[in-house]
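If you want the building blocks of each chain, they are given just below.
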Amino acid sequence: MTTENPADTFPRQYARTLRYTVGAPRSFAVAPDGGRIVFLRSGPGRDRANRLWTLDPATGEERVAADPADLLGGGEEDLSPAERARRERSRESSAGIVGYALDASASLAAFALSGRLFAADLAAGTTRELPAAGPLLDPRPAPDGSHVAYATTSGALHVTRTDGRGDRTLAEPDADGVTWGQAEFAAQEEMDRDRGFWWAPDSRRLLVARADDTPVQRWWIADPANPGSAPAEVAYPAAGTPNAEVGLWLVDLDGTRTEVVWDHEAFPYLARVHWSAGGAPLLLVQARDQRSQQIRTVDPATGITTLLVEEQDDTWLELFTGVPAWTPDGRLVRITDTGGVRALVVDGQAVTDDTLHVRSVWAVTADAVHFTASEGTAGEGRPPGWTGLFRAGPDGVTPFGPDGDGAAAAVHAGGVTVLSTVAADRPGTTVQVLRDGTAVAAVASHAETPLLTARPVFRFAGTRRIPAVVLLPTGYDRDRDGLLPVLMDPYGGPHGQRVVQAHNPHLTSQWFADQGFAVVVADGRGTPGRSPAWEKAIAHDFAGVTLDDQVHALHALAEEFPLDLARVAIRGWSYGGYLAALAVLRRPDVFHAAVSGAPVTDWRLYDTHYTERYLGHPAERPEVYDANSLTADAPKLERPLMIVHGLADDNVVAAHTLRLSSALLAAGRPHTVLPLSGVTHMTPQEQVAENLLLLQVEFLQRSLGL
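Predicted model, so just to flag it, every value in this text is computed and none were measured.

Engineer: Is there a simple way to explain the sheet that holds strand β8 (residues 116-121) in this structure?
Structural biologist: In sheet architecture, strand pairing relies on hydrogen bonds along the backbone and comes in two forms, parallel and antiparallel. The strand order β6-β7-β8-β9 describes an open sheet built from four strands, whose pairing is antiparallel. With partners counted over all chains shown, the strands left at the sheet margins are β6 (101-102) and β9 (126-129), one partner each. Judged from the four bridges that link them, β8 and β9 form a sheet pairing that is antiparallel. Residue pairing across strands places Ala120 opposite Thr127, the latter belonging to β9.

Rendered as structure tokens:
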């Protein structure tokens, strides 16, 4: 790791390095024979442009396989609106090569730059541009490397030969609003499905999603700072409104199509697709209320699907990374909630118990299923925020990799594992290459060393054992400094775990602590990693459960730490922004100031797949939406509140903040609104991100009388 520019402050460095991700290796893949590792990494400092790299596990030698500066002749990237939207959905803020796909042998890598198609021969170390109809999205080679398929921004699906001898259209829109080979908004934003086509193992055909967003209501995102610019049209499926209509087709290389058939009316969400040599294609389709779902196989000759497993849950069914999948010998792998436990299931049998809470599957090999888990309800007393790697094989379930108290992630193939580990007592991520469990190489990081050191103290808070972190000012002395004003710094909602056994995720909280606060991060009910019951306790009740747990954690931690309960502020972004505004509106007896970033203030304005999972359909449960939204609470405001919102946000649109602000004004309640022109739900702009931290701390200090 390196440190650049001694004049840096933490806010400036944090913004410039995109939260210390610039220069860190990422997006690893391992060749099936274990002979090659592929990854992305940018240079140090301000260099946000990722290059494609390879590493030889036998020698540890790294080599640049593709450099955007060379391929674009030193010119700037030119991103289409569709590519910008795709990156927004995936929270991608880096540049250069931000994604790639490999053929089956990991000899050929395909990627897009400025809407153009490139292919890298990883063995020869050469890269060439292939003929393509751009601007294009998501190129993916056939398993045999003979072709690359890609989607276009016009909605078509193309395939081009890798020998450069021809590009042709496989499917093109038959009406406005139709796209082939692209994931629709809800799939990208909420289902963690960013793909729209999948190659057959024999490279002769593809499964291709056809999405028609004509039924989806249109919203317009304006740029008030540039009134001469036309508003951007966005197809946004708000809660209770129509979704895109999504189908799936088998498409041969000659363009012949066969529709894949299932009950679309009962199961409209295409959540997962898997096609490997282990068996027929697998689909996971969900009901709109997400309380039932089916795993079905597809007959590649007819498109007819056959039910394998149907799952039901009275609350909701979660989606998981890496499943459903086949083992090479044809056994079905899935993750499911059963008997109060989130378990790994192979061939119909649960192979894990209540000592583990299974999170994802990251590799399926001939002899084992590799998965990530946190501690279950009957675990052995791991600290809050721990996650580990495990292997389920003929000898049962065994730990895989390090047995420390940090967190780990991995990819694996051919006896070679790329193991990424983090820990609370060291910055950054350590990446090792293991062969048969023995370290043989390391992947270097060019990420900068943070200018400050986070000192998180982990606790299970109160009788509810809420995972929490407390951060005190550097050099704090209780006898000298006494009680400290408190800053609650949560996300607090579904899929957003803040309490993790890692260093860098706590740096911003430590910086706030060093401005004179005791910072508390608490993951109450609804956040991931504890148990199905813990996650599902928020059903139909965001406001009551998540806010109550923040108060519970605060009061419990005050019994041990120097927390001044007469001076408590709260800040958050997205769901955390909702929670921060909720706190000062409904519990002014506890919270004395709030900074609310990009908050959802009316859940009727948020998307279908997320909101209806937790709150139900607004036409069926209007009282639930009323109880969990904020606008009606405007007359209750009696504490300082700053609301921050990007005006270009197409995820949590600025209407949320504007409606709450209007209601506050109508009620005569003073408040502060900070509109961010040109900023989306992310804030990758360096100056904006830096100044946001400075403005927040100034507002909080002033509001608490510091």
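Read on for the rest.
Engineer: I tried to follow the packing of helix α8 (residues 542-557) against helix α9 (residues 575-586) on my own but got confused; where do I start?
Structural biologist: In a pair of packed helices, the angle between the axes and the distance between the axes together describe the arrangement. Put simply, α8 and α9 touch, their axes get as near as 10 Å, and they point 80 degrees apart. Classed by the angle they form, the pair α8 and α9 counts as roughly perpendicular. Across the interface between the two elements, Phe542, Ala543, Thr546, Leu547 and Gln550 of α8 pack against Tyr575, Tyr578, Leu579, Leu582, Ala583 and Arg586 of α9. For the contact of α8 with α9, the per-class residue count stands at eight nonpolar, two polar and one charged.

Engineer: Quick question: what am I supposed to make of the pattern of salt bridges here?
Structural biologist: Counted according to the given criterion, the structure contains 39 salt bridges. The salt bridge partner of Arg571 is Asp489, with a shortest N-O separation of 2.7 Å. With a gap of 82 residues between them, Arg571 in strand β41 (residues 563-573) and Asp489 in the loop between β39 (484-488) and α6 (507-514) connect regions that are remote in the sequence. Of the two residues, Arg571 and Asp489, neither departs from the other in class, the shared state being buried.

Engineer: How should I be thinking about the side chain of His158 in this particular structure?
Structural biologist: Inspection of the secondary structure assignment puts His158 in strand β12 (residues 157-161). At a separation of 3.3 Å, a polar atom in the side chain of His158 contacts the side chain of Thr169. With sequence-adjacent residues up to four places away left out, His158 is seen in contact with Ala133, Val148, Ala149, Tyr150, Thr152, Asp167, Arg168, Thr169 and Leu170.

Engineer: Just checking my understanding: could you explain the packing of aromatic side chains for this structure?
Structural biologist: Counted under the stated rule, the structure contains 27 aromatic pairs. Ring geometry for Trp386 versus Phe390: centroids 6.2 Å apart, planes at 85 degrees, classification edge-to-face. On the basis of relative accessible area, Trp386 is assigned to the buried category, the value being 9%. Considering the side-chain rings of Phe542 and Tyr610, the 6.4 Å spacing of their centres and the 45 degrees angle between planes classify their relative orientation as tilted. Note that Phe542 is positioned in helix α8 and Tyr610 in helix α10 (residues 608-615), a separation of 68 residues in sequence. With relative accessibility at 0%, the residue Phe542 sits in the buried group. Judged by relative accessible area, which is 6%, Tyr610 ranks as buried. Among the aromatic residues, those joined into a cluster by ring pairs are Trp316, Tyr491, Phe542, Tyr575, Tyr578, Trp603, Tyr606, Tyr610 and Tyr614. Residue placement shows Arg465 over the ring face of Phe460; its charged tip is 4.2 Å from the ring centre. The ring centre of Trp534 lies 4.2 Å from the NZ or CZ of Arg530, which sits over that ring.

Engineer: I'm lost on the nonpolar core in this one. Help?
Structural biologist: For soluble globular proteins, nonpolar side chains are generally found buried alongside one another. Counting 66 residues, the largest nonpolar core has Met488, Phe542, Leu557, Leu563, Tyr578, Phe591 and Trp603 as its most contacted members. Beyond its immediate stretch of four places on either side in the chain, Leu563 contacts Leu483, Leu484, Val486, Ala518, Val520, Leu554, Leu557 and Ala558. Phe458, Ala593, Leu692 and Val697 belong to the second largest nonpolar core, which has 31 residues in total.

Engineer: Please clarify how the packing of α6 against helix α13 (residues 686-703) should be interpreted in this entry.
Structural biologist: At a closest axis distance of 11 Å, the pairing of α6 and α13 adopts a crossing angle of 40 degrees. In terms of their interaxial angle, α6 and α13 are classed as oblique. Once α6 is placed against α13, the crossing between them reads as right-handed. Of α13, the residues touching α6 (which contributes Thr508, Trp511 and Phe512) are Leu693, Leu694, Gln696, Val697 and Leu700.

Engineer: Hey, could you run me through the environment of Pro532 in this one?
Structural biologist: Structurally, Pro532 is set in helix α7 (residues 532-536). The exposure class of Pro532 is buried, given its relative accessible area of 7%. Along the backbone, Pro532 and Arg331 are 201 residues apart, and their C-alpha atoms lie at a distance of 25 Å. Contact partners of Pro532, with chain neighbours within four places excluded, come to Asp337, Gly340, Val341, Arg342 and His357.

Engineer: Sorry if this is basic, but what is going on with the pairing of strand β31 (residues 387-393) here?
Structural biologist: A regular strand places its side chains so that they alternate between the two faces of the sheet. Counting buried residues along β31, six of its seven residues qualify, which places the element largely inside the surrounding structure. Strand direction decides the pairing type here: strand β30 (residues 369-375) and β31, joined by six bridges, are antiparallel. Residue pairing for β31: Ala373 is matched across the bridge by Gly388. As paired elements, β31 and strand β32 (residues 396-399) share four bridges and run antiparallel to each other. Along β32, the bridge assignment pairs Gly393 with Gly396. Between β31 and β32, which pair antiparallel one after the other, the connecting turn spans two residues.

Engineer: Quick question: what am I supposed to make of the sheet that holds strand β24 (residues 305-312) here?
Structural biologist: With antiparallel pairing, four strands are arranged side by side in an open sheet as β21-β22-β23-β24. At either margin of the open sheet sits one strand with a lone partner, and together these are β21 (269-274) and β24. The mean inter-strand angle of the sheet, taken between neighbouring strand axes irrespective of direction, is 20 degrees. Both β21 and strand β22 (residues 282-286) contribute to a ladder of five bridges, which runs antiparallel. Looking across to β22, one finds that Arg272 is bridged to Leu284.

Engineer: Could you clarify how one ought to interpret the environment of Thr258 in this entry?
Structural biologist: Looking at where Thr258 falls in the secondary structure, it is placed in strand β20 (residues 257-259). Separated by 436 residues in sequence, Thr258 and Leu694 place their C-alpha atoms 57 Å apart. With sequence-adjacent residues up to four places away left out, Thr258 is seen in contact with Trp249, Leu250, Thr302 and Gly303.

Engineer: Explanation requested: unusual backbone geometry in the structure shown.
Structural biologist: When glycine is set aside, most residues are seen to have a negative phi, and most peptide bonds are trans. Look at the link from Val323 to Pro324: it is a cis peptide, with omega at 0 degrees. Following the sequence through the fold, Pro324 ends up in the loop between β24 and β25 (325-326). Despite not being glycine, Ala106 shows a phi value in the positive range, around 60 degrees. Here Ala106 shows up in the loop between β6 and β7 (108-113). Look at Ala106 and you get buried, because its relative accessible area is 3%. Despite not being glycine, Asp347 shows a phi value in the positive range, around 55 degrees. Summarising the element assignment, Asp347 is placed in the loop between β27 (341-346) and β28 (349-350).

Reading the values: the criteria
Residues numbered from 1 in each chain as written. Predicted model: local features only at pLDDT ≥ 70, side-chain atom pairs only at ≥ 80, totals over all residues. Heavy atoms only, no water. Pairing = 2+ DSSP bridges. Helix = DSSP H or I, 4+ residues; strand = E, 2+ residues; numbered from the N terminus. Axes fitted to C-alpha atoms, helices over the stretch in contact; angles between N-to-C directions. Parallel < 35°, antiparallel > 145°, perpendicular 65-115°, else oblique. Contact = heavy atoms within 4.5 Å. Nonpolar A, V, L, I, M, F, W, Y, C, P; charged D, E, K, R; others polar. Salt bridge = Lys/Arg side-chain N within 4 Å of Asp/Glu carboxyl O. Buried < 20%, exposed > 50% of the residue type's maximum accessible area, 1.4 Å probe, protein only. Polar contact = N/O pair within 3.5 Å; in protein donor to acceptor, adjacent residues only side chain to side chain. Phe/Tyr/Trp six-rings, centres within 6.5 Å; stacked < 30°, edge-to-face > 60°. Lys NZ or Arg CZ within 6 Å of the ring centre and 35° of its normal. Core = buried A, V, L, I, M, F, W, Y, C linked by side-chain atoms within 4.5 Å. Left-handed = near helix turned anticlockwise from the far one by under 90°.

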